[in-house]
Amino acid sequence: MKKLLFINSCIRGKDISRTYDLCRTFLDKAQENEKDLITQTVDVTDKRIKPLYAEDIEKRDSLLASAQYDNDYFALANQFAAADFIVVGAPYWDLSFPSLLKVYIENIMVSGITFACTQTGFKGLCHAEKLIYISTAGGMVQGEHQGYTYIKNIAGMLGIPETYLFTAQCLDIEGFDADKQICKARTEIENFRL
């Protein structure tokens, strides 16, 4: 059985998020193509996922010093490290993505679980073969998609060799055909195989 981890950063919610709608297309198609796929979802709006304050860092350091990698405190990091495929759904906000996604990332960046520090640099410990980043933007992304670039760099550090971006842009700009942009992204997603 292969594990797919869906990191839902679609802050507006399932009912109105265009990004979530594209993610749902991806997840449904993946399940259709890969019958033995188990999908787990992490919603970054979960109140238990919180920023790391000084006392949290102390607790983390203490647990790591005693090699308690299986402690519930590291559940998100262990889940991320064990996934075979990762899908991140995040709208393009303020030149990147919603801040709660960064909070989630802080929680999964754990030395000894998702990466290791070596004399030659970082070594990724994650099992995922691919990370897929799905995003929508009301405006036009000018230059590189900084949200995707950040996530791609994180994936590289964690040992995930392949990353892919699916995006629909200009969805709120007068004169652009938003439905056409969504349909184009949906077609690209439907043609992608894990």
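If you're wondering where the values come from, they're calculated on a predicted model, not measured in any experiment.

A look at the overall build of the protein chain
Part 1: Per the secondary structure count, the protein chain includes six helices and seven strands.
Part 2: For the protein chain, the succession of helices and strands along the chain, N to C, is β-α-β-α-α-β-α-β-β-β-α-β-α.
Part 3: Against the compact-globule benchmark of 16 Å for 194 residues, the protein chain has a radius of gyration of 17 Å, which places it among compact chains.
Part 4: The principal-axis extent of the C-alpha atoms belonging to the protein chain is close to 60 × 35 × 35 Å.
Part 5: Taking all 194 residues of the protein chain together, 42% fall into the buried category.
Part 6: A sequence separation of at least 24 residues applies to 78% of the contacts in the protein chain between residues at least 6 apart.

Considerations on the pattern of salt bridges
Part 1: According to the stated counting rule, one finds nine salt bridges in the structure shown.
Part 2: A salt bridge links Asp 28 to Arg 24; the shortest N-O distance between them is 3.1 Å. On the criterion of helical spacing, the pair formed by Asp 28 and Arg 24 is a turn pair, its members being four residues apart in helix H1 (residues 18-33).
Part 3: Residue classification places Arg 24 among the partly exposed residues on the basis of a relative accessible area of 32%.
Part 4: For the salt bridge of Glu 32 with Lys 29, the shortest nitrogen-to-oxygen distance reads 3.5 Å.

Describing the side chain of Arg 60
Part 1: The topology assignment puts Arg 60 in helix H2 (residues 54-65).
Part 2: For the buried Arg 60, no salt bridge is present, and the opposite-charge side chain at shortest range is Asp 61, 4.7 Å distant.
Part 3: The residues touching Arg 60, leaving out its near neighbours within four places in the chain, are Leu 52, Tyr 73, Phe 74, Glu 106, Met 109 and Val 110.

Topic: the environment of Leu 27
Part 1: Mapped onto the elements, Leu 27 comes out in helix H1.
Part 2: According to the relative accessible area criterion, Leu 27 is buried, its value standing at 4%.
Part 3: Residues Leu 27 and Lys 14, spaced 13 residues apart in sequence, show a C-alpha to C-alpha distance of 14 Å.
Part 4: Leaving out residues up to four positions away in the same chain, Leu 27 has contacts with Leu 4, Phe 6, Thr 39 and Val 87.

Some words on the sheet that holds strand E1 (residues 2-8)
Part 1: Strand order in this open sheet of five strands is E2-E1-E3-E6-E7, and the pairing throughout is parallel. With one partner strand each, in any of the chains shown, strand E2 (37-43) and strand E7 (162-168) form the two edges of the open sheet. Shown here is a sheet whose adjacent strand axes are inclined to one another by a mean of 15°, direction ignored.
Part 2: Of the strand pairs in this sheet, E1 and E2 are connected by seven bridges, and their pairing is parallel. Bridging across to E2, Lys 3 finds its partner in Ile 38.
Part 3: Strands E1, E2, strand E3 (85-89), strand E6 (130-136) and E7 of the sheet are contacted by H1, whose axis makes an angle of about 145° with E6.

Looking at the nonpolar core
Part 1: Ile 7, Phe 80, Ile 86, Leu 101 and Tyr 104 are the most contacted members of the largest nonpolar core, which has 34 residues in total.
Part 2: Secondary-structure elements contributing two or more residues to this core are E1, helix H3 (75-82), E3, helix H4 (99-108), E6 and helix H5 (146-157).
Part 3: Per-element tally for this core: the top contributor is H4, with five residues.
Part 4: With residues up to four places along the chain from it excluded, the contact list for Tyr 104 reads Leu 5, Ile 7, Val 42, Val 44, Ile 49, Leu 76 and Phe 80.

Rules and cut-offs
The residue count restarts for each chain, going from 1 along the sequence in the order it is written. In view of the model being predicted, local features appear only for residues whose pLDDT reaches at least 70, and side-chain atom pairs are presented and counted only at 80 or more, with totals across whole chains, interfaces and linings using the full set of residues. Only hydrogens and water are set aside when side-chain values are computed; all heavy atoms of the structure are taken into account. For the purposes of this entry, the term helix denotes a DSSP run of H or I that reaches at least four residues, the term strand denotes a run of E that reaches at least two, and both are numbered from the N terminus. What the globule rule says is 2.2 Å times the number of residues to the power 0.38, and the radius of gyration is computed from C-alpha atoms. To sort residues, take the accessible area from a 1.4 Å probe on protein chains only and compare it with the maximum for the residue type: under 20% means buried, over 50% means exposed, and anything in between is partly exposed. The contact criterion used throughout is that any non-hydrogen atoms of two residues lie within 4.5 Å. Salt-bridge detection follows one rule: a side-chain nitrogen of Lys or Arg within 4 Å of a carboxyl oxygen of Asp or Glu. His is not counted, nor are the chain ends; Lys and Arg add positive charge and Asp and Glu add negative charge. Should DSSP find at least two bridges between two strands, the strands are regarded as paired. To obtain an axis, a line is fitted to C-alpha atoms, over the contacting stretch when the element is a helix, and the angle between two such axes runs from 0 to 180 degrees between their N-to-C directions. Only buried residues count toward a nonpolar core, which is a set of Ala, Val, Leu, Ile, Met, Phe, Trp, Tyr and Cys residues joined through side-chain atoms within 4.5 Å.

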